[in-house]
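# Understanding the architecture of this molecule
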Amino acid sequence: MENQDEVSTGEKCRNIRTGSSPDDIAQAFLDNLYYAQGRIPVLATRNDLYMALAYTVRDRLAARWVAQMQQFRRAELKKSIKVVCYLSAEFLPGPHLGNNLLNLGIYDETRQAMEQLGYNLEELIDQETEPGLGNGGLGRLASCFMDSLSTIVVPAFGYGIRYEFGIFDQEIRDGWQVEITDKWLKLGNPWEMPLPELCQEVKLGGHTEHYQDGQGRSRVRWIPAGVVEGIPYDTPILGYGGNICNTLRLWKAEAVESFDFQDFNVGNYYAAVEEKVKSETITKVLYPNDEPEIGKMLRLIQEYFFVSCSLQDMIRIGKMLGNSPECFDQRYVAQLNDTHPSIAVAELMRLLVDEHDVAWEKAWEITQNTFGYTNHTLLPEALEKWPVELFGQILPRHLEIVYEINRRFLDQVRLAFPGDEEQAARLSLIDESGCRYVRMAHLACVGCHAVNGVAKLHSELLKSEVLRDFHEMFPEKFHNVTNGVTPRRWMALSNPRLAALISGVIGDGWITQLDELRKLEPFADDPAFQEKWRRVKRENKNDLATLILNRTGVAVDPDSLFDIQVKRLHEYKRQHLNVLHIITLYARLKRYPASDCVPRTFVFGGKAAPGYAMAKLIIKLINSVAGVVNTDPDIRGRLNVAFLPDFNVKTGQQVYPAADLSEQISLAGEEASGTGNMKFSMNGALTIGTLDGANVEIREEVGAENFFLFGLKVDEVEELKARGYDPRKYYDSNPALREAIDLIRSGHFSGGNAQLFAPLVDLLMQRDNYMLFADYQPYIDCQDRVSAAFRDQQNWTRMSILNVARMGKFSSDRAVREYCDMIWKVQPV
Ligand code: Z16
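The structure presented is a predicted model; accordingly, all values stated were derived computationally and were not measured. (Residues numbered from 1 in each chain as written. Predicted model: local features only at pLDDT ≥ 70, side-chain atom pairs only at ≥ 80, totals over all residues. Heavy atoms only, no water.)

The secondary structure content of the chain amounts to 35 helices and 23 strands. Whereas a compact globule of 829 residues would reach a radius of gyration of roughly 28 Å, the chain reaches 28 Å, a difference of no more than 12%. Along the three orthogonal principal directions, the C-alpha set of the chain runs to about 90 × 80 × 60 Å. Burial statistics for the chain: of 829 residues in total, 61% are counted as buried. (Helix = DSSP H or I, 4+ residues; strand = E, 2+ residues; numbered from the N terminus. Rg over C-alpha atoms; globule rule 2.2 N^0.38 Å. Buried < 20%, exposed > 50% of the residue type's maximum accessible area, 1.4 Å probe, protein only.)

In total, this model carries 21 aromatic pairs according to the counting rule given. Look at Tyr 86 and Phe 145: their rings are 5.9 Å apart centre to centre, the planes differ by 80°, and that puts the pair in the edge-to-face class. With Tyr 86 in strand β1 (residues 83-87) and Phe 145 in helix α8 (residues 137-151), this pair connects stretches of sequence that are 59 residues apart. Seen in terms of ring centroids, Tyr 656 and Phe 680 are 4.8 Å apart; in terms of plane orientation they differ by 80°. Their pairing is edge-to-face. Remark: Phe 680 occurs in helix α27 (residues 676-682) and Tyr 656 occurs in the loop between α26 (649-655) and β21 (661-664); sequence separation between them is 24 residues. (Phe/Tyr/Trp six-rings, centres within 6.5 Å; stacked < 30°, edge-to-face > 60°.)

Further remarks concern helix α19 (residues 456-466). For α19, the complete set of buried residues consists of His 458, Ser 459, Leu 461 and Leu 462. What you see down the axis of α19 is that its buried residues fit within an arc of 160°, all on one side. Along its buried surface, α19 packs onto β16 (450-453), α20 (468-473), β17 (478-480) and α29 (714-723). (Arc of directions from axis to C-beta. Contact = heavy atoms within 4.5 Å.)

Attention now goes to the site of the ligand. Taken together, 17 residues sit near the ligand, with Leu 138, His 376, Asn 483, Glu 671 and Gly 674 positioned nearest. One nitrogen or oxygen atom from the main chain of Gly 137 is found 3.3 Å from an oxygen atom belonging to the ligand. Within the side chain of Tyr 572, a nitrogen or oxygen atom sits 3.3 Å from an oxygen atom of the ligand. Split by residue class, the shell around the ligand holds five nonpolar, nine polar and three charged. Lining the shell around the ligand are residues from two domains, each supplying at least three of them: domain 1 (69-483 + 817-824) and domain 2 (500-808). (Near = heavy atom within 4 Å. Polar contact = N/O pair within 3.5 Å; in protein donor to acceptor, adjacent residues only side chain to side chain. Nonpolar A, V, L, I, M, F, W, Y, C, P; charged D, E, K, R; others polar. Domains from an automatic or database assignment.)

By secondary structure assignment, the location of Thr 675 is in the loop between β21 and α27. The contact partners of Thr 675, leaving out residues within four places of it in the chain, are Gly 137, Leu 141, Asn 483 and Val 485.

A separate point is the pattern of salt bridges. Opposite charge on two side chains allows them to pair when their charged atoms are near. One pass over the structure, following the stated rule, counts 66 salt bridges. Notably, a salt bridge pairs Glu 192 with Arg 162, separated by 2.9 Å at the nearest N-O pair. Separated by 30 residues along the polypeptide, Glu 192 in the loop between β4 (176-180) and β5 (193-194) and Arg 162 in the loop between β2 (156-161) and β3 (169-173) bring together distant segments of the chain. Via salt bridges that share partners, Glu 361, Glu 404, Arg 407, Arg 408 and Asp 411 belong to a single interconnected network. (Salt bridge = Lys/Arg side-chain N within 4 Å of Asp/Glu carboxyl O.)

As a further point, take the pairing of strand β18 (residues 561-566). For β18, the buried fraction is high: six of the six residues fall into the buried class. As paired strands, β18 and strand β19 (residues 600-605) are joined by six bridges and run parallel to one another. From the neighbouring strand, Leu 561 faces β19, where its bridge partner is Arg 600. For the crossover that starts at β18, traverses helix α24 (residues 575-591) and ends in the parallel β19, the hand is right-handed. The sheet contact formed by β18 and β21 spans two bridges and is parallel. Bridge pairing links Ile 564 to Ser 662 in β21. (Pairing = 2+ DSSP bridges. Right-handed = clockwise from strand over helix to strand, strands pointing away.)

This next bit is on the domain arrangement of the chain. Taken domain by domain, the chain holds domain 1 (69-483 + 817-824) and domain 2 (500-808). Averaged C-alpha coordinates put domain 1 and domain 2 at centres separated by 34 Å. The interface of domain 1 with domain 2 comprises 41 residues on the first partner and 43 residues on the second. Per-residue buried area on domain 1 facing domain 2 is highest for Gln 170, Trp 176 and Leu 457; these three make up 18% of the total on that side. Seen at the junction of domain 1 and domain 2, the total is five salt bridges. (Buried area = accessible area lost by both parts, 1.4 Å probe.)

Bringing a nonpolar patch on the surface into the picture now. Residues Tyr 34, Tyr 35, Ile 40, Val 42 and Leu 43 make up a contiguous nonpolar surface patch of roughly 610 Å² in combined accessible area. Assignment of secondary structure puts Tyr 35 in helix α3 (residues 22-35). Take Tyr 35: its relative accessible area is 65%, and that puts it in the exposed class. (Patch = residues over 30% accessible without salt bridge, like charges linked within 9 Å, V, L, I, M, F, W, Y side chains within 5 Å. Areas by Shrake-Rupley, 256 points an atom, 1.4 Å probe, with all protein chains shown as cover.)

Below, the discussion takes up the sheet that holds strand β14 (residues 430-431). Reading across the sheet, the three strands line up as β13-β15-β14 and stay open at both edges, with antiparallel pairing between neighbours. The outermost strands of the open sheet, each flanked by one partner alone, are β13 (385-387) and β14. Note that β14 and strand β15 (residues 437-439) share two bridges and pair antiparallel. Note that in β15 the partner of Ile 430 across the bridge is Val 438.

Let us now look at the nonpolar core. Judged by nonpolar contacts, the single largest core of 189 residues is most densely connected at Phe 391, Phe 708 and Trp 824. Each of domain 1 (69-483 + 817-824) and domain 2 (500-808) contributes no fewer than three residues to this core. Residues Trp 191, Met 491, Ala 694 and Ile 698 belong to the second largest nonpolar core, which totals 86 residues. (Core = buried A, V, L, I, M, F, W, Y, C linked by side-chain atoms within 4.5 Å.)

As structure tokens, then:
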């Protein structure tokens, strides 16, 4: 923060770049509007104003960012720090402007500055298009971790891909999802800095040559079929309170222009441009699936591209500071966010052995010391594997390295389990049961010193199921780090009313020490505090009601219970179980119009993978049920249903603060952790949920009496499956379930079209893979308990306050500290 002395010395120029009084900010803003954006106020569009403000804020980050790099250099030169590199194919930072104002501590000053000039700060913040460089939880987790790393003062790089088009924008037309290209860069990105001088070359394809070097050692040369260039784009990630400013470094692919290339293409200008187009395709678009598609060559190239750029960059920085590649693991630790970057294990081996002349054994030790692997899913179809053929075509040298790692590893396995060839086949990096595949999770387990799941239950299931054989082999590698979310974005920024109420009674220490929320417990029974708490929630619901009206045309009652499920669409998450509850309430009200029910507003949001037909049909079902329920005069004022299109970080910030009830209803054993569950509860929603993922720990923390639990437990799911699960039995014996299913099947919600939802109903009747029918009645009964509880507003508010008070554990600061202690072995500064 600038002090007043400096201001009074008249260093105007300095103040324009750094000053943080409202006057300084206003002046700097006009300056940026003129010199950076080429406008004066009367000519400025809303985007001009946003850009000018963004540059103004970026200027104020610069000092911290540069200081950070200086500090790195000094600490690095003294060899006193280890830098954390978070390798992730996805990041979902959300809009930067508001967050940077919050973390810089100049939110109020900036609001005043904008007011002075006649502008509305919230409107300018709303102008930002968010970088949607991820699918969902995994990408958002990476960004929460970046925020926490900076806040708790851990020097770190986030390494990833600068997709030109991120996750598609979702529109709903006639109830169906329509995907629209995400043009997030169209109006410019004021937060990134291109660093073309720091580009890296990445080889692809071709073949290898084995030869003897001068000393008679056998070496390998990779003769690639082509080379592309990676250009880094840096975005500052400032910690809360301006502690430190780390860097998110994203790579963009470009064509290399080599002289050879020109020679080969004399007179063939078109082919040269075509080559450029091909190269740039690599970082063109994010794959919008939360599960891998087998055999998508471009996806493998994307993964290798950013990993290779990142590792080479790490070696480059080390070299610049005088470190030899042999001490790579003393200077760096790198976390693999799922298997997407797991090719890093083979790439670091290649860089060390082939390019830096390190012996295999030493290189292997460095590699294992460097990497940790986080698994995010138990779904077998979500475990990445690459056909050996394709892998070898793109990465011929890496295939050899994978074979060599595997040869040595299987020797070790055979020593540990003599004669057990089945065990060896199960552990092998190569799946040879049919077509041959490289198993990326196996590569990660072997090449990393630590493997972790993202919630207690998930980590246990990893050890007992998906990675059982690896756990048997390397029990000491396995850890749990339960996910967390940043209270800066998900409370202070998105819920200013609640944040102010909380800080008013316990101070604002909770923003960086979330456990301090415990101090709210004594207020849980205080009627005056409860009243304020309810008023905050009511105002937040008002805001969301306005958003829903504007986006969907559905008018909802802010006094009704806001029952919300926002997350990617997936059968295992069971949005359609929620729909069965809505239909059940609807049928009850139709049969007994006089019955007294708690008015509810059901809100859904989430994107379906474009190729996932069943998920898209569930969206259509939600909208079809909404169409009937919202327009039936018998139901008016009692039930409303809205599907909020294009759920993303920005809309999330408007949704979580307004929820009364959070739907976390996946079939037990399917959701690795969930992080939306945490965002809701931190904002005062109560949870209805199964014992799955982090729900288990949330319930432990907030207390069983403040959590609506229902449904099969993991062992009951397994037992039922083993016994032979028959959904029809539930249908036959449960009239309410039968009625709900029959209403869908009859075409009641689809204008009489009985075919529309047949694929969904048939699948439920025949297989019901996620056991909706088994959990149906317990869910309905639990929802009835929710309604009864909501009638007692005092007790509901008490539970809401206790939920918030006890969420301290779910700060990503805690999660990142655990990574530091258990996995990275680094000390926050
Ligand atoms: C993803 O977001 C997750 C898992 C996965 O395999 C792929 C993607 Cl894109 C999610 C999990 O489903 C969720 O339970 C978890 O909270 C989140 O990753 C972060 O760990």
